[in-house]
Each structure stands twice: as structure tokens, then as C-alpha cells.
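# Residue-level structural notes
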Number of protein chains: 4
Amino acid sequence: MVNRVILIGNLGRDPEVRRLENGAVVAKFSIATNENYRDKSGEWQSLTEWHDIVMWRSLAERAEGQLKKGMPVYVEGKLTHRTWEDQDGNKRKTTEVVANYFRSLASRRDGEGNNSYFPSADDEYPGGGFSSSSVESDNSSSEAPVSSDAADDDLPF
Amino acid sequence: MVNRVILIGNLGRDPEVRRLENGAVVAKFSIATNENYRDKSGEWQSLTEWHDIVMWRSLAERAEGQLKKGMPVYVEGKLTHRTWEDQDGNKRKTTEVVANYFRSLASRRDGEGNNSYFPSADDEYPGGGFSSSSVESDNSSSEAPVSSDAADDDLPF
Amino acid sequence: MVNRVILIGNLGRDPEVRRLENGAVVAKFSIATNENYRDKSGEWQSLTEWHDIVMWRSLAERAEGQLKKGMPVYVEGKLTHRTWEDQDGNKRKTTEVVANYFRSLASRRDGEGNNSYFPSADDEYPGGGFSSSSVESDNSSSEAPVSSDAADDDLPF
Amino acid sequence: MVNRVILIGNLGRDPEVRRLENGAVVAKFSIATNENYRDKSGEWQSLTEWHDIVMWRSLAERAEGQLKKGMPVYVEGKLTHRTWEDQDGNKRKTTEVVANYFRSLASRRDGEGNNSYFPSADDEYPGGGFSSSSVESDNSSSEAPVSSDAADDDLPF
DNA sequence: TTTT
DNA sequence: TTTT
């Protein structure tokens, strides 16, 4: 059955990447989608939805290298729901978009000469300068051909 | 920003329709999407996700007339999240797909001469026979042109 | 870059399946999408678009077994364009949707006891009766788990 | 019936905008989607598809103000096909994506202090500097709330 | 005719 | 928690 989600939004934080015991890699982060609309009185209102994104394996590796807090990103995936118990024994429900494709929408120019995506006065990135591996992998990865379409089809027809 | 969900699944129950004080109409129901996959040992496994669907206004009216428990349906909408407090004061989160389009995938033949979509021994539909308004509206609605594409564009170009 | 097409329509003919010299299998067919709208004078008008669909490999094999003229089908793919020369040396352009997923929307009940999808007085299916292999494969295929989601992800997370 | 196209690509030229006698506005342009894949010998290959996009009314006006040659853009629409006769009386077929939504993916920083989207040595934009109206409308439009979601729903639920 |  |  068909279950597809398509989102374009901005990362609220850097992806959180974990290596599991069995060798699997998983990346998690949230993205915000914003919608502007006029209310009854004609005023512009803004509405933000935060979506939890999960990526596995090579997608997770690529997310770790390419995505940073604040960046705009295109995400495709499916809608999944899990129930679990919190520490108080309450049943909780979590909804996540498990991605099968993503594409950074940051222009290559963004972040040049800087290790954060959106440089600002209250820059919260502690380290700096040259040897930031995330910046390096970001650059290198955006120079290599993007193999991301391989998910749906790896032959050109 | 882009926020799109596309689902094809089956209704778990008849839509629950409410008329609000302000005249608005809202329909709610869940649909199940099923996925089959082979696990590591090569066994076929089945995975079901239940998605909460919300429809407003004319969509809700049309859902009330056309959709019934068990029916396959195509739904397009956007992913929304709400937080609320349950009776114990615990913060709960709800995720819903707010639809902007749907289309029944039941063939016209289904349900003919019967007021339930999937007739069965343990038929739970109390009334029966001819004068069921839901059957009537279902039939008539599938004979009339479907105005549902009007949502995205109501001119043919 | 993102290139996605999603269609729900009916097959104009049975899929045309070819086995190429190199062993590849390809299936081609057209599907019609219909749109109803009100024109300026308030009259209901109907608009039909015919889309050329191409499927390769296991999709093509599955199409051959499951899809028949008239059936409703959900198709996902990408938009491709080719130019070629006709016999008069004129440059011609062809646009095709190369599918990476499809799902028959015919209910299992449809076509029961009949080897055509829409039985009718002017039935054009020559053979008949029981041993039609297309009917058999159609039935059996709808009983087996659909592996079609394997395209985007073959693990249940 | 469902007929959806989703594309992310780059404009090959500035949109071509026409005002028709009846007051309607239409914008046309092509966007390229690129796909990279490894061929059998392991070499990276690149494949480009050019898609013809058509926008009407307010979408066309917004395209005129916001989109320029080279820009990345997200486009949603439907697949349409037209046949016509060229000057030699040959029947020709044209496929177009009629958009019902678009969103520029250019970052606001791009093109600052410049009247072209991608400044380059062989810059083909003749005028320059400050008073370029296209830059002005581009800037102003990106500061105003984007009303683009109004197409599918203009209320926040 | 674009871009990475 | 993001962005425009």
C-alpha cells in the first residue's frame, strides 16, 4: 500500500547520529515546515509544524556529512507510528517520517568560509576554522556526484 | 514550505462526522497501510500502520457519503501535530493527516445490493435493505462527475 | 534532483511486453486520467489525458501478470523525454513515465469467473473460460504478498 | 483521477510571460532535472531531462517576479499532453507540466548585489547594478509572506 | 537552455 | 529547535 511523505523544511538541530551494536547507523533530526496564511481578520499568521525524521544506513551517513542545523532540506519517506512506555509507565505515541531519500537545498555558496550554515552574531558553533570534519565532508560530498537517486532506480531508464 | 502526504489504505471504521457550533463539518477516521517484506530468515512479514485522517467542510461531507469501513481510499494531505493534556494532566501528542483531497478506490460493483462495503457473516450494519441513505449517496455520488479535483484547480489547464 | 510522477488511471489496453536480446523485459501501456470540471456556463466537462507508461524488469513481469485493459492502477515513476526520427526524417518527441512502482486498484472480486477485467457484451477477449493463464496469474499474484514496496525500502523501518 | 508531478530542477531561461487578450497571464519555461548514476563499467554518468512548465494567473505573476534563469525551483503540477500541427501540416505532440504550486529554492543570499542569479565571468545580463526591476521584485517578494500554500488550502487546518 |  |  502507498505511504509517502514529502517535506521541505529547515533542520532545528544538527542530525544526531548513532552507531548501533549491530553496525547499523541511524540519524535523527527534526525539520520545521512553515505555512503562512491570512486569518479571518486579514492578518498574516504563521504556523510551524515540527516533523521527526529518521534515516538509516547510507542515508544516515550522508545526512551526517551534509546536513546541519538551519539548512533547508527536501525529504521523502513514509509515515510510521510507534507506541512505547515512558519512565512513569504511561503509553506514549511517536510519529516519525522514515526517509528513503533526501536532498540538501542549501546552495553551495552558503556557509563558505564558515563552519555553520547560517553565520550570525550569536554563533553557537564553538570550534571553528579549518579542521571541522563536518565542513570538509560537506564540501567533498557536494562535489561528488550525488548517488541519492540510486534508491529508486540506479539505471538511467 | 512543502508538506505533503499521500496514502492508499483501508478505513478501519466508518468516518465519524461532527457538525461544530460554528457550522463547520469535520470527519475523522483511520486508515491502515500494509507493507509486506521478507525478514532476514526469508519469511514474509506484514506491517500495518494506522494513520489518523481529518477532513473539513465539503471533503468531510463527501467522506460521510462515500466512505465506509473497509473501503480502500486514496488520501492526500499534510502532516500536522498537536499537543494536548489528557485527564491525568499528562502532555500527549497527536499526529493527524489533514486531507485536502481523497478518492474512493472501491469499484462501483462493490457493495451492490448491500449496505456494507464488505458483506460478511458477522455483518455489523444494523439497518439494511433499500432505504439506507449511505448506500444511496454512495451510488449517486459515483455516478455524478467527481468534483474532487477542484481542490487544486478548477479550470482544465 | 527530484522527478516524481504519481498517476491513478485506467489502462487503455493490455500491457505490451517485450523480451529484449539482452534478456531485459519491458512492458508498455497507456493509462487515462480523467478530470471533471465545470465550464464557465456551469456545464460539467470531462477531460482525458493519456499517459505512456514504461516498466522494466520485475515491474514489467508483474505488470504482465496483474494488469489488463480497463483496470484502474496506481503508478509512480519519473518523467522522461526522448527525441527520435520517424520514417519521414521528422524529429519527433516522446514523453514517457518510467515507473518504479505500481499497484493494481482492481478489487479482487472484479473479473471473478471471467477472464476480462470488465466483462461486457462486446467482449474482445478471444479465449475464454477457465484455463486462461492471465486470469490465473492475476488471481495468484493478488494472494501472494506484494513485494512491490521493495523498490524504496526492503526493511520495515 | 490522480495526476501529480513533483520536480526540483533549474530554469534553463527566464520565464517567458504573456498577457492574453482575455486578461489571462501565462508563464512558460523549462527546468532541467539531473540524475547521476554509475554505468556498467562503474563510470559516473549524468542524465538531464528538460521539462516544459506552464503557469497561469497568479502563479505566472509570481514566477515572473521570483524566478530567473539558473535558479533551482520546486514545482508541483499535473501532466498534460496536447497535439497540434506544425507549419508543414505534421501532427506534433507536446507534453507540459501545468503547475499548481511552485517554490523558489534559491537562498535569499544568492544574487545579492547582482541582477543575475548566478553571477559569472561570461555574465550575459546586459544591464547591471541597482535599478534592475527583476532584482527588486525578487527581493520584495521574498520578504512578504509566501501565499503559495493558498493553492491547496488557505486555512491552517 | 540549467545546475552540482 | 528552524527558516523567510
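Figured I'd write up the structure that's included with this text. Please read these numbers as outputs of a predicted model, since none were measured by experiment.

## Examining the overall build of chain A
- Summing up its helical and strand segments, chain A has two helices and six strands in all.
- Put simply, chain A runs from its N terminus to its C terminus through helices and strands in the order β-β-β-β-α-β-β-α.
- Buried residues in chain A amount to 46% of all 157 residues.
- For chain A, the computed accessible surface area is about 8100 Å², with 48% contributed by carbon and sulfur atoms.

## Details of the interface of chain A and chain B
- Facing the 28 residues of chain A at the interface are 28 residues of chain B.
- Summed over both sides, the interface between chain A and chain B buries roughly 2300 Å², with carbon and sulfur atoms accounting for 49% of that surface.
- Our enumeration of links across chain A and chain B arrives at three salt bridges.
- One salt bridge connects Lys78(B) with Glu35(A), and the closest N-O pair in it is separated by 2.8 Å.
- Of all elements in the fold, only β1 (3-11), β3 (25-38), β4 (44-56), β5 (72-85) and β6 (91-104) of chain A reach the threshold of two or more residues within the side of chain A that touches chain B.
- A per-element tally of the side of chain A that touches chain B places β1(A) first, with eight residues.
- When the residues that make up the side of chain A that touches chain B are grouped by side-chain class, the tally is ten nonpolar, ten polar and eight charged.
- As paired elements, β1(A) and strand β1 (residues 3-11) of chain B share five bridges and run antiparallel to each other. Across the sheet, the residue bridging to Asn3(A) is Leu7(B), located in β1(B).

## Structural notes on the packing of aromatic side chains
- Summed over all chains, the structure comprises four aromatic pairs over all chains.
- Their ring planes at 70° and their centres at 6.0 Å tell us that Tyr74(B) and Tyr101(B) sit as a pair that is edge-to-face. Of this pair, Tyr74(B) sits in strand β5 (residues 72-85) while Tyr101(B) sits in strand β6 (residues 91-104), and the two are 27 residues apart along the sequence.
- By relative accessible area, which is 1% here, Tyr101(B) ends up buried.
- Geometry around Tyr101(D) places Arg4(B) over its ring, the cationic atom sitting 5.1 Å from the centre.

## Observations concerning the pairing of β3(A)
All names here are of chain A.
- Note that β1 and β3 share two bridges and pair antiparallel. Note that in β3 the partner of Asn10 across the bridge is Ala32.
- Sheet analysis places strand β2 (residues 16-19) next to β3, joined by four bridges and oriented antiparallel. For Val17, the partnering residue across the bridge sits in β3 and is Ala27.
- From the end of β2 to the start of β3, which pair antiparallel, there are five residues, and Gly23 there has a positive phi angle of about 95°.
- Across 13 bridges, β3 lies against β4 in antiparallel orientation. Of the residues in β4, the one forming a bridge with Glu35 is Leu47.
- Hairpin remark: β3 followed by β4, antiparallel, with five residues in the connecting loop; positive phi at Gly42, about 85°.

## Topic: the relation of the copies chain A and chain B
- With an RMSD of 0.1 Å, the fit of chain A onto chain B corresponds to turning through 180° and sliding 0.0 Å along the axis. Here the copies are linked by what is in effect a two-fold axis. Scanning chain A for the C-alpha nearest the rotation axis identifies Val5(A), at a separation of 2.2 Å.
- When you check the interface residues of chain A against chain B, 100% turn up at the interface there too, and the contact is symmetric in its surfaces.

## Here's the deal with the environment of Val73(D)
All names here are of chain D.
- Examined against the element boundaries, Val73 turns out to sit in strand β5 (residues 72-85).
- In this structure, the C-alpha to C-alpha distance between Val73 and Asn10, residues 63 residues apart in sequence, is 6.1 Å.
- Dropping the residues within four chain positions of it, Val73 is found in contact with Leu7, Ile8, Gly9, Leu11, Ile31, Leu67, Phe102, Arg103, Ser104 and Leu105.

## Some details on the pairing of β6(B)
Residues and elements named next belong to chain B.
- Of all 14 residues making up β6, ten are buried, and the element is well covered by its neighbours.
- Where strand β4 (residues 44-56) lies against β6, two bridges are found, and the strand directions are parallel. Counted as the bridge partner of Ile53 is Val97 from β6.
- Summarising the sheet, β5 and β6 pair through 13 bridges and their orientation is antiparallel. Paired with Trp84 across the two strands is Arg92, which belongs to β6.

Parameters at a glance
Residues numbered from 1 in each chain as written. Chains lettered and ligands numbered in written order. Predicted model: local features only at pLDDT ≥ 70, side-chain atom pairs only at ≥ 80, totals over all residues. Heavy atoms only, no water. Helix = DSSP H or I, 4+ residues; strand = E, 2+ residues; numbered from the N terminus. Buried < 20%, exposed > 50% of the residue type's maximum accessible area, 1.4 Å probe, protein only. Areas by Shrake-Rupley, 256 points an atom, 1.4 Å probe, with all protein chains shown as cover. Contact = heavy atoms within 4.5 Å. Buried area = accessible area lost by both parts, 1.4 Å probe. Salt bridge = Lys/Arg side-chain N within 4 Å of Asp/Glu carboxyl O. Nonpolar A, V, L, I, M, F, W, Y, C, P; charged D, E, K, R; others polar. Pairing = 2+ DSSP bridges. Phe/Tyr/Trp six-rings, centres within 6.5 Å; stacked < 30°, edge-to-face > 60°. Lys NZ or Arg CZ within 6 Å of the ring centre and 35° of its normal. Least-squares fit on C-alpha atoms with pLDDT ≥ 70 in both.

By themselves these figures say nothing about function.
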